[in-house]
Amino acid sequence: DKGHYRHFMQKEIFEQARVIGNTLQGRIGQHKVLEQVFGTSAADIFDQVQRVQIIACGTSYHSGLVCKYWLEDWAGIPCDIEVASEYRYRKVVVSPGTLFVTISQSGETADTLAALRLAKELNYLASLTICNVPNSSLARESDLVFMTQAGPEIGVASTKAFTTQLVSLQLLTIVLGRRHQLSAEREAELVEALHSLPSLCEEVLSLDPEVLEMSEHFSEKHHSLFLGRGPQYPVAMEGALKLKEISYIHAESYPAGELKHGPLALVDSDMPIVAVAPNNDLLEKLKSNLEEVQARGGMLFVFADKDAGFKNNGSTKVINLPHVPASLEPIIYTLPLQQLSYHVAVLKGTDVDQPRNLAKSVTVE
Ligand code: F6R
């Protein structure tokens, strides 16, 4: 049931504050993650983790990419990540003490499931899945299961599954990090930020009318470039995937620092550039990358922290977001990118919930 929404995707975008609350419900205390929520055998396994291998496809792969930044930065735990379709067909080297993690909304993605089955033949410590469908194949076949609690996702373009995956991966990073370099003080900070997440999501989702206005600049375009740095690079990748899959506009994503190594050649006045710009220690670097784009006539669309110093002018359209804790940036900045792709697709008149050539659950290779 779509309620008063026009599409399931739109409904699912607006559900995110609530379902993120559900994902956190019963999993965190005031200052701590309750690690027994990963299962009774989790503590023994987590004690032995020296490294993490993440496997997923599509949007779920993007949440895994963000987790790599978190695991290495906060926890000091090395993390590798690969798309399942590549991983399953090559010879891999497994380091001792590696936890094998799959991420999947459906729990039925053929390549991800094949990767898990292959991993069981290899020397991994154990397998864990972050999954949204109880009793799915991945949930049944993994040693540890952590459910995302996004509720059924009907729109083919994944939205609430992605943000609840990010929340779940943050909890995983914290319980693993505790056994490595993550202090109790840092954990308390991260958990306090998580408590504020649902209301911050609500606040950012209410920017929808501004995003709608911005979307009008895209409906006649054929190409677009999404830029981010650090954990916002996978967010830019996800923004580009959303736009291409439902609006059919060609969208590429780059870490902003890579521009001058090739993609800058694409930039002219017909190429809208979308950038995610939280106010963090990469902001000044990002700004100088964006100046190079503007010098080539590119039109900029920036989702920026209100204090990041971006101004609206003839060649820059800015949507200001509230300042949020750095740990929440990838989740928060994803929301307006989902809304942007939704509105562009509606303007173009595509079948938003059922884009051409795509299936919700990819159960064949
Ligand atoms: C994109 C999208 C797909 C899925 C991918 C993996 O919006 O939905 O890229 O993320 O097919 O699916 P799951 O997460 O079910 O394994």
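Residues numbered from 1 in each chain as written. Predicted model: local features only at pLDDT ≥ 70, side-chain atom pairs only at ≥ 80, totals over all residues. Heavy atoms only, no water.

The chain carries the name Glutamine--fructose-6-phosphate aminotransferase [isomerizing] in an unreviewed UniProt entry, which gives Pseudoteredinibacter isoporae as its organism. Recorded in UniProt under Subcellular location (unreviewed entry), the annotation for the chain is "Cytoplasm". (UniProt positions renumbered as here; feature names shortened; annotations may be inferred.)

Engineer: Lay out the site of the ligand with the relevant residues and their values.
Structural biologist: Around the ligand lies a shell of 14 residues, among which Ser-60, Ser-104, Gln-105, Thr-109 and Glu-245 are the nearest. Within the backbone of Val-156, an N or O atom sits 3.2 Å from an oxygen atom of the ligand. Within the backbone of Ser-158, a nitrogen or oxygen atom sits 2.9 Å from an oxygen atom of the ligand. Contact with the protein chains removes 90% of the 400 Å² of surface that the ligand exposes when unbound. Taken atom by atom, the bulk of the ligand overlaps the largest pocket. Mapped onto the shell around the ligand, the elements with two or more residues apiece are α4 (58-75) and α11 (232-247). Sort the elements by how many residues they give to the shell around the ligand and α4 lands first, with 3 residues. Looking at the shell around the ligand residue by residue, the class counts come to 4 nonpolar, 8 polar and 2 charged. (Near = heavy atom within 4 Å. Polar contact = N/O pair within 3.5 Å; in protein donor to acceptor, adjacent residues only side chain to side chain. Areas by Shrake-Rupley, 256 points an atom, 1.4 Å probe, with all protein chains shown as cover. 1 Å grid on protein atoms, 1.4 Å probe; cavity = no way out; pocket = protein on both sides within 12 Å on 5 of 7 lines; lining within 4 Å. Sits in = over half its atoms within 2 Å of the grid points. Helix = DSSP H or I, 4+ residues; strand = E, 2+ residues; numbered from the N terminus. Nonpolar A, V, L, I, M, F, W, Y, C, P; charged D, E, K, R; others polar.)

Engineer: Could you give an account of the nonpolar core, naming the residues involved and the relevant values?
Structural biologist: Core analysis: the largest hydrophobic core is formed by 86 residues, its most contacted members being Phe-46, Phe-303 and Ile-332. If we skip the residues at most four places from it in the chain, Phe-303 touches Val-211, Met-214, Val-274, Ala-275, Val-276, Ala-277, Ile-319, Leu-321, Tyr-333, Pro-336, Leu-337 and Leu-340. Ranked by size, the runner-up nonpolar core spans 20 residues in total, among them Leu-264, Met-271, Leu-300 and Phe-310. (Core = buried A, V, L, I, M, F, W, Y, C linked by side-chain atoms within 4.5 Å. Buried < 20%, exposed > 50% of the residue type's maximum accessible area, 1.4 Å probe, protein only. Contact = heavy atoms within 4.5 Å.)

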